[in-house]
Amino acid sequence: MKRPVRRALVLVHIIASIGWIGSVATYIALGVLAAANADDLIKRSAWIAMEFTGWYVIVPLAVLSLATGIITSTSGGWGLLRHYWVAISLTLTVFCVAILLLHMPDVTTAANRARDTTRPAHQLGSDLFHPTVGLAILLFIATLNTYKPKGLTRYGHHKAQERRTAP
């Protein structure tokens, strides 16, 4: 991959990743609003906004971050499985995206309940566990990707050995 294209892809990856973190923080703020507010209308509105934010902001940014992360690491010198920090980052990102995709139908169900004004809004509860743990993991991934601790995996050692002994 040519350098300008790779740099543009890295930029898209960084923007998507930061956007993912920010949108999860927004989702948490809406979750706090839903949990802490006694006003039925605000509680219902928060749930509907959480559904919209989840499906139309968080999910696309998460998938884009995962895809661009895979492409940039395979097209550059890092590789997906050569360095522990990349392998851990990839594993945690796949985990977060999978949990997100599995959890969003529950958010849709709750938002649909929020739309039903015949039901009491206090039964809606809140959704703070998944996004809070997810945000902590995303911040850990960002830290890992910033500091890039040294350490090659077995595969990375094997590949480095092959390069040293290649004619």
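Fair warning: this is a prediction, and the values are worked out from it, not measured in the lab. (Residues numbered from 1 in each chain as written. Predicted model: local features only at pLDDT ≥ 70, side-chain atom pairs only at ≥ 80, totals over all residues. Heavy atoms only, no water.)

Chemist: Please explain the overall build of the protein as it appears in this structure.
Modeler: Each helix and strand counted, the protein has five helices and zero strands in total. Along the protein, helices (α) and strands (β) appear in the sequence α-α-α-α-α when read from the amino end. Against the compact-globule benchmark of 15 Å for 167 residues, the protein has a radius of gyration of 20 Å, which places it well outside the compact range. Projected onto its principal axes, the C-alpha coordinates of the protein cover approximately 75 × 30 × 25 Å. Sorting the 167 residues of the protein into buried and exposed places 36% on the buried side. A separation threshold of at least 6 residues defines the contact pool for the protein, and within that pool the share at least 24 residues apart is 80%. (Helix = DSSP H or I, 4+ residues; strand = E, 2+ residues; numbered from the N terminus. Rg over C-alpha atoms; globule rule 2.2 N^0.38 Å. Buried < 20%, exposed > 50% of the residue type's maximum accessible area, 1.4 Å probe, protein only. Contact = heavy atoms within 4.5 Å.)

Chemist: Sorry if this is basic, but what is going on with the packing of aromatic side chains here?
Modeler: Aromatic ring pairs are described here by two measures, namely the spacing of the ring centres and the angle between the planes. If you walk through the whole model with that rule in mind, you get one aromatic pair. Taken together, a centroid distance of 5.0 Å and an interplanar angle of 40° make the contact between F52 and Y56 tilted. You can see F52 and its partner Y56 sitting in helix α2 (residues 40–75), four residues apart, about one turn around the helix. (Phe/Tyr/Trp six-rings, centres within 6.5 Å; stacked < 30°, edge-to-face > 60°.)

Chemist: Would you take a moment to explain helix α4 (residues 129–147) for this structure?
Modeler: When the terminal C-alpha atoms of α4 are compared, their 27 Å separation across 19 residues agrees well with the 27 Å that a helix rising 1.5 Å per residue should span. Among all positions in α4, only P131, G134, L135, I137, L138, I141 and L144 are buried. Buried residues along α4 sit in contact with α1 (3–36) and α3 (84–115). (Expected span 1.5 Å × (residues − 1).)

Chemist: Explanation requested: the packing of α3 against α4 in the structure shown.
Modeler: Relative placement of two packed helices is described by the angle separating their axes and the distance separating the axes. Packing of α3 against α4 leaves a shortest axis separation of 10 Å and a crossing angle of 160°. Considered as vectors, α3 and α4 are oriented roughly antiparallel to each other. For the pair α3 and α4, the crossing hand works out as left-handed. On α4, the residues that touch W85, I88, S89, L92, T93, F95, C96, I99 and H103 of α3 are H130, I137, F140, I141, L144 and N145. A class-by-class count of the residues in the contact of α3 with α4 yields ten nonpolar, five polar and no charged. (Axes fitted to C-alpha atoms, helices over the stretch in contact; angles between N-to-C directions. Parallel < 35°, antiparallel > 145°, perpendicular 65-115°, else oblique. Left-handed = near helix turned anticlockwise from the far one by under 90°. Nonpolar A, V, L, I, M, F, W, Y, C, P; charged D, E, K, R; others polar.)

Chemist: What am I meant to see in the layout of surface pockets here?
Modeler: By rolling a water-sized probe across the atoms, one finds the places where empty space is left. By volume, the largest pocket is sized at about 690 Å³. Lining of the largest pocket is provided by 27 residues; of these, H13, S17, W85, S89 and N145 occupy positions nearest its centre. Mapped by element, the contributors of at least two residues to the lining of the largest pocket are α1, α2, α3 and α4. When residues of the lining of the largest pocket are assigned to their parent elements, the largest contribution, eight residues, is made by α1. (1 Å grid on protein atoms, 1.4 Å probe; cavity = no way out; pocket = protein on both sides within 12 Å on 5 of 7 lines; lining within 4 Å. Points joined across faces, edges and corners; volume = space filled by probe spheres on them.)

Chemist: I keep staring at the environment of Y27 and nothing clicks. Help me out?
Modeler: Note on placement: Y27 falls in helix α1. Residue Y27 is classed as buried on the basis of its relative accessible area of 4%. Sequence spacing of Y27 and R6 is 21 residues, and the spatial spacing of their C-alpha atoms is 31 Å. A polar contact of 2.4 Å, which involves the side chain of Y27, links it to the side chain of D127. (Polar contact = N/O pair within 3.5 Å; in protein donor to acceptor, adjacent residues only side chain to side chain.)

Chemist: What exactly am I supposed to notice about a nonpolar patch on the surface here?
Modeler: On the surface, a nonpolar cluster with roughly 430 Å² of combined accessible area is contributed by F52, W55, Y56 and L101. When residues in the nonpolar patch are grouped by element, the largest group, three residues, is from α2. The residue L101 is located in helix α3 in this model. (Patch = residues over 30% accessible without salt bridge, like charges linked within 9 Å, V, L, I, M, F, W, Y side chains within 5 Å. Areas by Shrake-Rupley, 256 points an atom, 1.4 Å probe, with all protein chains shown as cover. Salt bridge = Lys/Arg side-chain N within 4 Å of Asp/Glu carboxyl O.)

Chemist: Teacher, can you tell me more about the confidence of the model for the protein here?
Modeler: Low pLDDT marks regions whose predicted coordinates should not be analysed in detail. In the predicted model, the protein carries a mean pLDDT of 93, and 100% of its residues have values of at least 70. For the protein, the element scoring lowest by mean pLDDT is helix α5 (residues 154–165), at 80; α4 scores highest, at 97. (pLDDT = per-residue confidence, 0-100.)

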